[in-house]
Amino acid sequence: MDIGAFVPLGTLNANAEFLRTLGPALEERGFESVWVAEHVVLFDDYDSRYPYAEDGRFPGGGDTGLLEPLTALTYLAAVTDTVRLGTGICLVSQRNPVYTAKQVADLDALSGGRVEFGVGIGWLREEFEALGVPFERRADRARQHVEVMKALWTEEVSSYDGDLYRLPPARLYPKPVQQPHPPLHFGGESDAALRRVADLGQGWYGFNRTPDEVPEALARLDRVLAERERPRTDVTVSICPYFKGVDRAGLERYAELGVDRVIALVFALDRDGLLATLDALAAELVEPARSL
């Protein structure tokens, strides 16, 4: 089993020193991947409900200020050699797909083919409104944007004609190092999210689930994969327990369930706190995972 790190990069740790420490420290301790989140703006007051907290509130105020994920991962690519670089997740439905395809392809080229592209549809209506993008039909928009990106990554001359996006014949270079393109991991817990995995993805990015909460979701995933005549082995299952945490016993249970990657929350605000947290997680998770 692989062990990744989900690292919130917000106002208090969004600096070059933290990232220069983070990348090499992850590799030295044997973490397989690093995953970073996306919100381009946040709000002091909002009506949208955050799906991963009982009170529906995002765990940070309007001044939390996350680093743009592909920018952060490009910086990390420059100070690392082996760790995989994941978006957990990229809000593709509120982004321009051509620019996003370009950023992902360039990151894959500069990192030597280390991108794991986690994507989702978003939950924060107010963020969509700030960007001038309709919140409605965001799931359809995510599908079409992914299809546009795949065309740009895999075809010499790319085009797309959808009802939500149209791309005239165009060329995007350089292409990603990974062929046919970087792995696509769809986030989300709904049946619709799992259908996106089955239709378009190479992975499912499950979030905020303990081992006891995984079997039901995997049973639903298996059903939609079977409908499309795809085996489970086609899909990498990554689970981030988030604030619910994970210990060695939980790790073993995830492995028994067929989870391929556990992504542990790494919450730290400075260099010393980061190194101490990574040391503890390496002893508790990374070393035991090597035998699973």
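Here goes a summary of the coordinates provided.

So, the overall build of the protein chain
Thought 1: When you go through the protein chain residue by residue, the secondary structure sums to nine helices and 11 strands.
Thought 2: Relative to a compact globule of 292 residues, whose C-alpha radius of gyration would be 19 Å, the protein chain shows 18 Å and is just as compact.
Thought 3: Projecting the C-alpha coordinates of the protein chain onto the three principal axes gives extents of approximately 50 × 40 × 40 Å.
Thought 4: Relative to its full complement of 292 residues, the protein chain shows a buried share of 54%.
Thought 5: In the protein chain, the proportion of contacts linking residues at least 24 apart, taken out of those at least 6 apart, comes to 70%.
Thought 6: Accessible surface for the protein chain amounts to roughly 12,600 Å². Of this, 50% is attributable to carbon and sulfur atoms.
Thought 7: Distance between charge centroids for the protein chain: 4 Å, based on 31 positive and 46 negative side chains.

So, the nonpolar core
Most often, soluble globular proteins have nonpolar side chains that are buried together.
Thought 1: The biggest cluster of nonpolar side chains holds 72 residues, and the ones touching the most others in it are Ile3, Leu22, Phe31, Val34, Phe117, Trp204 and Leu221.
Thought 2: Sorting elements by how many residues they give to this core places helix α9 (residues 271–289) first, with eight residues.
Thought 3: If near-sequence neighbours (up to four positions away) are discounted, Val34 is found in contact with Ala5, Val7, Leu22, Leu26, Leu73, Leu76, Val83, Arg84, Leu85 and Gly86.
Thought 4: Counting 18 residues, the second-largest nonpolar core is a separate cluster that includes Trp35, Leu42, Trp123 and Leu124.

Concerning helix α2 (residues 69–78)
Thought 1: Taken residue by residue, α2 has Pro69, Leu70, Ala72, Leu73, Leu76 and Ala77 as its buried positions. Down the axis of α2, the smallest arc covering the buried residues is 155 degrees, so these residues share one side.
Thought 2: Buried residues along α2 sit in contact with α1 (16–28), β2 (33–36), β3 (84–87) and α3 (97–111).
Thought 3: Where α2 begins, the side chain of Glu68 points an oxygen toward the backbone nitrogen of Leu70, at a separation of 3.2 Å.

Topic: the side chain of Glu189
Thought 1: Within the fold, Glu189 resides in the loop between β8 (184–187) and α6 (191–200).
Thought 2: Only 3.2 Å separates the side chain of Glu189 from the side chain of Tyr52, close enough to count as a polar contact.
Thought 3: At 3.2 Å, the side chain of Glu189 forms a polar contact with the backbone nitrogen of Phe207.
Thought 4: Once residues lying within four places of it in the same chain are set aside, the contact partners of Glu189 are Tyr52, Trp204, Tyr205, Gly206, Phe207, Arg209 and Arg220.

Structural notes on the packing of α3 against helix α5 (residues 138–154)
Thought 1: Put simply, α3 and α5 touch, their axes get as near as 9 Å, and they point 50 degrees apart. With respect to each other, α3 and α5 are oriented oblique. Regarding α3 and α5, the two cross each other, and that crossing is right-handed. For the pair α3 and α5, the contacting residues are Pro97, Val98, Thr100, Ala101, Val104 and Ala105 in the first and His145, Val148, Met149, Leu152 and Trp153 in the second.
Thought 2: Class assignment for the residues of the contact of α3 with α5 results in nine nonpolar, two polar and no charged.

Some thoughts on a nonpolar patch on the surface
Thought 1: A grouping of Leu12, Phe267 and Leu269 is seen on the molecular surface, where their side chains present a nonpolar patch of about 330 Å² in accessible area.
Thought 2: Position of Phe267 relative to the elements: it lies in the loop between β11 (261–265) and α9.

Topic: the packing of aromatic side chains
Thought 1: Enumeration according to the criterion identifies 14 aromatic pairs in this entry.
Thought 2: When the ring of Phe128 is compared with that of Phe135, the centres are 5.2 Å apart and the planes differ by 85 degrees; the resulting orientation is edge-to-face.
Thought 3: Every member of this aromatic cluster is reached through a ring pair, and the members are Phe6, Trp35, Tyr46, Tyr50, Tyr52, Phe58, Trp123, Tyr205, Phe207, Tyr242 and Phe243.
Thought 4: Lying across the ring of Phe135, Arg138 places its NZ or CZ 3.9 Å from the centre.

Thoughts on the pairing of strand β7 (residues 166–170)
Thought 1: Of the pairings in the sheet, the one linking strand β6 (residues 158–161) to β7 comprises three bridges and is antiparallel in character. The residue bridging Tyr160 from the neighbouring strand is Leu167, located in β7.
Thought 2: Linking β6 back to β7 in an antiparallel pair, the connection comprises four residues.

Topic: a negative patch on the surface
Thought 1: A contiguous patch of negative charge on the surface is contributed by Asp44, Asp45, Asp47 and Asp63.
Thought 2: Positionally, Asp45 belongs in the loop between β2 and α2.

Focus on α5
Each α-helix turn comprises 3.6 residues. Residues three or four places apart therefore point the same way.
Thought 1: Given a rise of 1.5 Å per residue, 17 residues ought to cover 24 Å, and the 24 Å separating the end C-alpha atoms of α5 matches this to within 8%.
Thought 2: Buried within α5 we find Arg141, Ala142, Gln144, His145, Val146, Val148, Met149, Ala151, Leu152 and Trp153.
Thought 3: Each element contacted by the buried residues of α5 is listed here: α3, β5 (115–120), β6, β7, β8 and α6.

Here we look at unusual backbone geometry
Thought 1: Put simply, Tyr173 and Pro174 share a cis peptide bond, and its omega is -5 degrees.
Thought 2: Mapping Pro174 onto the fold places it in the loop between β7 and β8.
Thought 3: The step from Gln179 to Pro180 runs through a cis peptide bond, and the omega angle for that step is 0 degrees.
Thought 4: You can see Pro180 is positioned in the loop between β7 and β8.
Thought 5: Positioned with a positive phi, Arg137 is a non-glycine residue whose angle comes to about 60 degrees.
Thought 6: With a relative accessible area of 41%, Arg137 lands in the partly exposed category.
Thought 7: Phi angles above zero are rare outside glycine, and Glu229 is one such case at about 55 degrees.
Thought 8: Position of Glu229 relative to the elements: it lies in the loop between α7 (214–227) and β10 (236–240).

Basis of the calculations
Sequence order as written defines residue numbering, which begins from 1 separately in each chain. The predicted nature of this model means local features are confined to residues of pLDDT at least 70 and side-chain atom pairs, given and counted, to a pLDDT of 80 or more, with totals for whole chains, interfaces and linings taken over all residues. Computation of side-chain values: all heavy atoms of the structure, hydrogens and water removed. Counting from the N terminus, the helices are DSSP H or I runs at least four residues long and the strands are E runs at least two residues long. Based on C-alpha atoms, the radius of gyration is set beside the globule rule, defined as 2.2 Å times the residue count to the power 0.38. Accessible area is worked out with a 1.4 Å probe on protein chains only. A residue is then buried under 20% of its type maximum, exposed over 50%, and partly exposed in between. Any two residues whose heavy atoms approach within 4.5 Å are treated as being in contact. Per-residue and other accessible areas follow the Shrake-Rupley method at a 1.4 Å probe size, with only the shown protein chains counted as cover for residues. When charges are counted, Lys and Arg contribute as positive and Asp and Glu as negative, whereas His and the chain ends are disregarded. We put the charge of a Lys on NZ, of an Arg on CZ, of an Asp on CG and of a Glu on CD. Here, the term nonpolar core denotes a set of buried Ala, Val, Leu, Ile, Met, Phe, Trp, Tyr and Cys residues that are joined through side-chain atoms within 4.5 Å. Working note: the arc is built from the helix axis to C-beta atom directions. As used in this structure description, the phrase polar contact means that two N or O atoms lie within 3.5 Å; if the pair is within protein, one of them must be able to donate a hydrogen and the other to accept it, and residues adjacent in sequence are counted only when both atoms belong to side chains. The convention used is that axes are lines fitted to C-alpha atoms, helices contributing only their stretch in contact, and that angles between N-to-C directions extend from 0 to 180 degrees. To sort the angles, those under 35 degrees are grouped as roughly parallel, those over 145 as roughly antiparallel, those from 65 to 115 as roughly perpendicular, and the leftovers as oblique. Definitions for this section: a left-handed crossing has its near helix turned counterclockwise from the far helix by less than a right angle. A right-handed crossing has that turn clockwise. Residues are grouped as follows: Ala, Val, Leu, Ile, Met, Phe, Trp, Tyr, Cys and Pro are nonpolar; Asp, Glu, Lys and Arg are charged; every other residue, Gly included, is polar. A patch is a set of surface residues, each over 30% in relative accessible area and not in a salt bridge, joined within 9 Å for like charges and within 5 Å for the nonpolar side chains Val, Leu, Ile, Met, Phe, Trp and Tyr. Salt bridge, as applied in this entry: a Lys or Arg side-chain nitrogen positioned within 4 Å of an Asp or Glu carboxyl oxygen. Here a Phe, Tyr or Trp ring, Trp counted by its six-membered ring, pairs with any other such ring whose centre lies within 6.5 Å, and the pair is stacked when the planes are under 30 degrees apart, edge-to-face when over 60, and tilted otherwise. By the criterion adopted, a ring carries a charge over it if an Arg CZ or a Lys NZ lies within 6 Å of its centre and within 35 degrees of its normal. Two strands make a pair as long as DSSP finds a minimum of two bridges between them. Helices are assigned an expected span. That span is 1.5 Å times one less than the residue count.

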